[in-house]
Amino acid sequence: MAKPKPWSSPTPSDKTPFISQPSDRTSFVEMTSSAPPPQTAFLGVDVGTGSARAGLFDEDGRLLSTASSPIQIWKQGDCIEQSSTDIWHAICAAVKSACSLANVTAEQVIGLGFAATCSLVAVDADGSPVTVSWSGDARRNVIVWMDHRAVSQAERINASKSPVLQYCGGGLSPEMQAPKLLWVKENLQESWSMAFRWMDLSDWLSYRATGDDTRSLCTTVCKWTYLGHAHMQQSDEKDSRDMETCGWDDEFWDEIGLGDLVEGHHAKIGRSVAFPGHPLGSGLTPDAAKELGLLAGTPVGTSLIDAHAGGVGVMESIPVTENQVDDADKDATCRRMVLVCGTSTCHMAVSREKLFIPGVWGPFWSAMIPEYWLTEGGQSATGALLDHIVETHVAAPHLANRAASQSVSLYELLNKILESMAHELKVPFVAALTEDVHVLPDFHGNRSPVADPKSKGMVCGLTLDTSEKQLALLYLATVQGIAYGTRHIVEHCNSHGHKIDTLLACGGLSKNPLYIQQHADIVGCSIILPRESESVLLGASILGAVAARKYSGLHDAMRALNAAGQVIHPSKDARVKKYHDAKYQIFRELYGLQLANRSIMSQALDWKVKA
């Protein structure tokens, strides 16, 4: 049976506008356990860019089984769309398979949580899909997170200089929901009129499961400009009731041309919000329970964005000896940054006080851990970029055949080639192979810290060499470019009040040892990997555990169910630090050069602007 490619997240192809799913929904098994089934289990569901996954965990936070099912995706230029109906069917298939693999019955599943990409879902008053596509295809009612159709709308919104923008690093990204909503209103008036609810995907999933339209502070604060701190004096984690919305800035929505979303006490975008893990409605509705193969009434927790679920699933994964120290250090959590490494990478850090950091999203109150302010950096293309760099190279087909014949992934083979090259060339460390190759990884813009969606990728050091070895060098330089981007984010956050000294990593790319070691060496921090590899699924399942009242709050559940695995330390070789310091300087200069080039060409095209 085919398995997902290690160390990489599925990404849409630029070559075809449509990527189909198998005609009969197939669940791909990722892991099973031979251990006897537990008395109870928590279920997490994660909807990524290319698949829906389900994972079961016992009360020690140990993974029992996972299963996944592919989802459709349409891509045409900057427009990337999916179907909420197709996503729900994929979830149902994955949940049933995961339960079967773990020998877990419906009665044993005592809590469920959803995590998903921050995609935008449109449905009508009956809950039926409303198209967001030029095609008019009603199935295509989801604008995928990575869709960049709304760049000009984001620019116009940011020109408003609204006070809400200070909580988004100074400006909205086209990946956020307000620009996408404005795009639909300006381009698809019929759809705009038909839509009764606009929802983040993870909120739609919990609504589809429970019938409760309560939104998550995670989604609304991070992607919708909701000011969660408006609730600071009203509620705390131990009283996580749903809260009537008081954090919408009506003037902002009116100013940007979306004042109609304020009507009906914000019915279309959310009348109530709640902390992640808050129990929704009466749990699973009978219909949803039947579709999922679970019991009606099973508690469902308010959702999380997938990256934030990764943060919840890994933030407290600290070795036991360090935990003993941390018990006396109440701010230890605030010195950590979680890297959720998949198609893109999100950089999550929390603080007791709000920290405004230009070009970095946040501060978001209670968007991940209740009562903490969240800082969220990110890179829009990491796993997607590595796939693009490798798979478009002329040597890739032959290399892929070799990898298949050796029963290893393409990336494992590339890592072996690099080790062999380092030995042959007698370089002191693998990283030194790329002294002449430098990559600015902004192939899908820069999310942070420069917050420039128009930034482009750059490769310096290309030759006519099309060999597998040259591909390996380009791959390594791209990994390093991504790591330099992470270093830039960490340094930028620390210069504005954070004190990050430890990284934790999860997601597909975290399973690539070269990727993680390069990050440790370049950032200069130890990187802790979690005991359980499926941190996003664990984070989603923790929502179910909290909804089931097994823990007093989300942070308590994290401390109980997170666990550390391997720790990767940066090299102690001074030559490695000196080498990366030099390459990092070049990395920073590449963007400056791009800005200078942009200015030169803008002046040259002055006649075009005047015309």
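Check the entry above for the structure.
From a predicted model like this one, the values you see are computed outputs, not experimental measurements.

**Digging into the sheet that holds strand S16 (residues 336-341)**
One open sheet holds the seven strands; their spatial order is S18-S19-S17-S16-S22-S23-S24, and the pairing between them is mixed. Looking at the sheet topology across the chains shown, the edges are occupied by strand S18 (361-365) and strand S24 (564-568). Going across the sheet, the axis of each strand differs from the next one's by a mean of 25 degrees, ignoring polarity. Of the pairings in the sheet, the one linking strand S17 (residues 345-351) to strand S19 (residues 373-379) comprises seven bridges and is antiparallel in character. By the bridge assignment for S19, Cys346 is matched with Gly378. Helix-sheet contacts for helix H16 (residues 513-523) involve S16, S17, strand S22 (502-506), strand S23 (526-530) and S24, and the interaxial angle to S23 is about 145 degrees.

**Looking at the packing of helix H12 (residues 383-391) against helix H15 (residues 468-494)**
Each pair of packed helices can be described by the angle between their axes along with the distance between the axes. Running from N to C, H12 and H15 point in directions that differ by 165 degrees, and their axes come no closer than 10 Å. Considered as vectors, H12 and H15 are oriented roughly antiparallel to each other. The way H12 lies across H15 gives a crossing that is right-handed. Here Leu385, Leu386, Ile389 and Val390 of H12 lie close against H15, whose contacting residues are Leu471, Leu474, Tyr475, Thr478, Val479 and Ile482. In terms of residue class, the contact of H12 with H15 is built from nine nonpolar, one polar and no charged.

**Details of the side chain of Gln153**
Residue placement: Gln153 occurs in helix H2 (residues 151-158). In this structure the side chain of Gln153 is engaged in a polar contact, spanning 3.2 Å, whose partner is the side chain of Ser152. The contact partners of Gln153, leaving out residues within four places of it in the chain, are Pro179, Leu182, Trp183, Glu186 and Asn187.

Calculation rules
Just so you know, the residues in each chain are numbered from 1, in the order the chain's sequence is written. Side-chain atom pairs in this predicted model are given and counted only at pLDDT of 80 or more, local residue features only at pLDDT of at least 70, and totals for whole chains, interfaces and linings cover all residues. The side-chain figures draw on all heavy atoms in the structure; neither hydrogens nor water molecules are used. DSSP calls a pair of strands paired once it identifies at least 2 bridges connecting them. Put simply, DSSP H or I for four residues or longer makes a helix, DSSP E for two residues or longer makes a strand, and each gets a number counted from the N terminus. In this analysis an axis means a line fitted to C-alpha atoms, helices contributing only their contacting stretch, and an angle means the value between N-to-C directions, from 0 to 180 degrees. Every residue pair with non-hydrogen atoms within 4.5 Å of one another is taken to be in contact. Just so you know how the angles are binned, under 35 degrees is roughly parallel, over 145 roughly antiparallel, 65 to 115 roughly perpendicular, and the rest oblique. Handedness of a crossing is defined here by the sense of rotation of the near helix relative to the far one, left-handed for an anticlockwise turn of less than a right angle and right-handed for a clockwise turn. Under the scheme applied, nonpolar residues are Ala, Val, Leu, Ile, Met, Phe, Trp, Tyr, Cys and Pro; charged residues are Asp, Glu, Lys and Arg; polar residues are all the others, including Gly. Whenever a nitrogen or oxygen atom comes within 3.5 Å of another N or O atom, the pair is scored as a polar contact, on the condition that within protein one atom can donate a hydrogen and the other can accept it, and that pairs from neighbouring residues in sequence are kept only if both atoms are in side chains.

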